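Coordinate analysis (summary)
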Amino acid sequence: MARPKHNEHEARSESTRADLTLAEKEQLRDLVRASGLRSEAEFVRHAIFNQPIRSPARSSSVDPALITELNRIGVNVNQLAAATHMGRDFSKFWQEVGTELRGILTKVVASGS
């Protein structure tokens, strides 16, 4: 059975665009996934037109600075992985990322988070 046709005034024929950093794009994907909505477009329409968006559950015991630091490292890992897949040698940077992650793990263990 074919999808029903929209009335002319209901057709979504216009679009808008926003430039995002890699970290912002990843955050948008996470928010869309956590919201249960089907697509980024649906999520953005809900946000623009003040329709409720379910926020992801947040634990009050998690340090926001830790999340920010882990996100920054995650972005670096994604960029290094992409460069590695293009044949570039970034082995020294992978070691630096490992060192950063070990430092954060030490902080987490020390703080009991």
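Details of the overall build of the chain
Along its length, the chain carries four helices and zero strands. If you list the helices and strands of the chain from N to C, you get α-α-α-α. Counting all 113 residues of the chain, 14% fall into the buried class. Long-range contacts, defined here as pairs at least 24 residues apart, represent 41% of the contacts in the chain between residues at least 6 apart. Total accessible area computed for the chain in this model is approximately 9600 Å², and 55% of it derives from carbon and sulfur atoms.

Section: the nonpolar core
Counting five residues, the largest nonpolar core is built from Leu66, Ile73, Leu80, Val97 and Ile104. With three residues, the top contributor of residues to this core is helix H3 (residues 64-85).

What to know about the pattern of salt bridges
Inspection of the entire model under this criterion finds five salt bridges. Among the salt bridges present, the one from Glu100 reaches Arg72, with a minimum N-O distance of 3.0 Å. Of this pair, Glu100 sits in helix H4 (residues 91-111) while Arg72 sits in helix H3, placing them 28 residues apart in sequence. Take Glu100: its relative accessible area is 28%, and that puts it in the partly exposed class. Relative accessible area serves as the criterion here: at 40%, Arg72 is assigned to the partly exposed category.

Quick word on the packing of helix H1 (residues 22-35) against H3
Between H1 and H3, the shortest axis-to-axis distance is 10 Å and the interhelical angle comes to 105 degrees. In this view, H1 runs roughly perpendicular relative to H3, as classed from their interaxial angle. Packed against H1, whose contacting residues are Leu22, Ala23 and Glu26, the element H3 presents Asn71, Val75, Asn78 and Gln79 at the interface. Looking at the contact of H1 with H3 residue by residue, the classes come out as three nonpolar, three polar and one charged.

Structural notes on H1
Helix length check: H1 (14 residues) gives 20 Å between terminal C-alpha atoms against 20 Å at 1.5 Å per residue, within 8%. Those residues of H1 lying buried are Glu26, Leu28, Val32 and Ser35. Tucked into the core, H1 has its buried residues touching helix H2 (40-48) and H3.

Things to note about the side chain of Glu26
Take Glu26: it is sitting in helix H1. Although buried, Glu26 forms no salt bridge, and the nearest oppositely charged side chain, Arg29, lies 5.6 Å from it.

Let's talk about the environment of Glu24
Its place among the elements puts Glu24 in helix H1. Assessed through its relative accessible area of 37%, Glu24 is described here as partly exposed.

What counts as what
Per chain, residue numbering runs from 1 following the sequence as it is written. With the structure being a predicted model, the display of local features is reserved for residues of pLDDT at least 70 and the display and counting of side-chain atom pairs for 80 or more, all residues being used for whole-chain, interface and lining totals. Note: side-chain values were computed over all heavy atoms of the structure, leaving out hydrogens and water. Here a strand is any run of E in DSSP of at least two residues, a helix any run of H or I of at least four, and the numbering for each starts at the N terminus. Relative accessibility thresholds used throughout: buried, under 20% of the residue-type maximum; exposed, over 50%; partly exposed, between the two (1.4 Å probe, protein chains only). Contacts are assigned to residue pairs with any non-hydrogen atoms lying within 4.5 Å of each other. What sets the accessible areas is the Shrake-Rupley method with a 1.4 Å probe; for residues, cover comes only from the shown protein chains. The criterion is simple. A nonpolar core is a set of buried Ala, Val, Leu, Ile, Met, Phe, Trp, Tyr and Cys residues joined through side-chain atoms within 4.5 Å. Definition used for salt bridges: Asp or Glu carboxyl oxygen within 4 Å of a side-chain nitrogen of Lys or Arg. In this analysis, axes come from line fits to C-alpha atoms, helices being fitted only over the stretch in contact, and the angle between any two N-to-C directions falls in the range 0 to 180 degrees. Roughly parallel covers angles under 35 degrees, roughly antiparallel covers those over 145, roughly perpendicular covers 65 to 115, and oblique covers all other angles. Gly is placed with the polar residues, together with every amino acid not listed as nonpolar (Ala, Val, Leu, Ile, Met, Phe, Trp, Tyr, Cys and Pro) or charged (Asp, Glu, Lys and Arg). The span you would expect from a helix comes to 1.5 Å times its residue count less one. His residues and chain termini do not enter the charge count, which takes Lys and Arg as positive and Asp and Glu as negative.

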